[in-house]
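Here is how the chains run, residue by residue.
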Amino acid sequence: MKGFIKTMLATMAGICLMGFLAFVFTMISLVGMMAAGQEVTEVRDNSVLVIKVQGAVQDYVEEDITMMFEMMNGELENQGLDKILSAVEKAKSNEDIKGIYVEAGAVEFDSPATMVALRRALQDFKKSGKWVMAYGDNMTQSAYYVASVADKVYAHPTGVIDLRGLGGNYTYYKGLYDKLGIHFLAARVGKYKSYVEQNTRTDMSENDREQRTALLEGVWKVMAKDICASRGLNVDQLNAFVNDSLLIFADQNDYKRMRLVDGVVYPEQFRAEVKKR
């Protein structure tokens, strides 16, 4: 009996100790995060703000302890639009910052609105008289859309610009359910309530196709108009590049001929261009 009591007390003491250590570690981590958030970055004269249009960009990213460890391990590249916009706004009025370098790559925005907001912030930044330059290796469509606002856009000699327009495909499960003997019941009101159709149909309904087409066409019109305004193209030219699959077979020099970029250079050559500013 005494042995049992000793074991139980030792176990309880161990649990309490682990809980205490976890609490202390959590508090230390929180204090560290708060201190890091309050750090003031010293901006030297003739500096350049670098914005990486890569990874995942969300409207807002909440920094918690888990995210902190993932960032330390290099496993996470989430960016909050709110922080990017704040940095751009501060750079606009900071006399030591001469311009912005947009490092374009593979990026995924949480919504078209986030993508458009970032581009418009850069466009507004240019009104201050400062420059924006962009450089990318493999630029996704969203990344190029943001980069195209720059005064000069450069591509890597082996880089790719993945302009293909907007579209989508969807998976339908009714055929699987029929084979498994599952009958999915759904109640809906209105023609455009298509959320359940993946479970009740084997293909896309005309109403769903209509609403999805309207959404995608609306987003693409904004993207095409903005790209063309910045690059000196007309929308018909850009749509011809995309619809005729010309960009699939294009090489880097074709990008320049199509006026999608201003030059094809290696990173060190681009840095030399930045230093001339």
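Above this text is the structure in question.
So, here is what we can say about the structure in this document. Values in this document were obtained by computation on a predicted structure and should not be read as measured data. (Residues numbered from 1 in each chain as written. Predicted model: local features only at pLDDT ≥ 70, side-chain atom pairs only at ≥ 80, totals over all residues. Heavy atoms only, no water.)

1. Some details on the nonpolar core
Reasoning step 1: Counting 50 residues, the largest nonpolar core has Val-53, Ile-100, Leu-163, Leu-238 and Leu-260 as its most contacted members.
Reasoning step 2: Of all hydrophobic cores here, the second largest spans 8 residues; its members include Trp-131, Met-133, Val-265 and Phe-270. (Core = buried A, V, L, I, M, F, W, Y, C linked by side-chain atoms within 4.5 Å. Buried < 20%, exposed > 50% of the residue type's maximum accessible area, 1.4 Å probe, protein only.)

2. Let's talk about unusual backbone geometry
Reasoning step 1: Within the chain, Asn-46 stands out as a residue other than glycine whose phi angle is a positive 65 degrees.
Reasoning step 2: As for its placement among the helices and strands, Asn-46 is situated in the loop between helix 1 (2-37) and strand 1 (47-58). (Helix = DSSP H or I, 4+ residues; strand = E, 2+ residues; numbered from the N terminus.)

3. Concerning the packing of aromatic side chains
Each aromatic ring pair is described using two quantities: the centre-to-centre distance and the angle formed by the ring planes.
Reasoning step 1: Applying the stated criterion to the full structure yields 5 aromatic pairs.
Reasoning step 2: Geometrically, the ring pair formed by Tyr-135 and Phe-270 is stacked, given 4.9 Å between the ring centres and 25 degrees between the ring planes. Highlighted residues: Tyr-135 in strand 4 (residues 131-140) and Phe-270 in helix 11 (residues 267-275), separated in sequence by 135 residues. For the pair shown, Tyr-135 and Phe-270 are each scored as buried. (Phe/Tyr/Trp six-rings, centres within 6.5 Å; stacked < 30°, edge-to-face > 60°.)

4. Quick notes on helix 9 (residues 235-243)
Reasoning step 1: For helix 9, every residue scored as buried is listed here: Leu-238, Phe-241 and Val-242. Looking straight down helix 9, one finds its buried side chains confined to an arc of 95 degrees; they lie on one side. Pointing more than 90 degrees away from the buried face of helix 9 are the exposed residues Asp-236 and Asn-243.
Reasoning step 2: Buried residues in helix 9 make contact with helix 8 (206-231).
Reasoning step 3: Taking the backbone nitrogen of Asp-236 as reference, a side-chain oxygen 3.1 Å away marks Asn-234 as the first, capping residue of helix 9. (Arc of directions from axis to C-beta. Contact = heavy atoms within 4.5 Å. Polar contact = N/O pair within 3.5 Å; in protein donor to acceptor, adjacent residues only side chain to side chain.)

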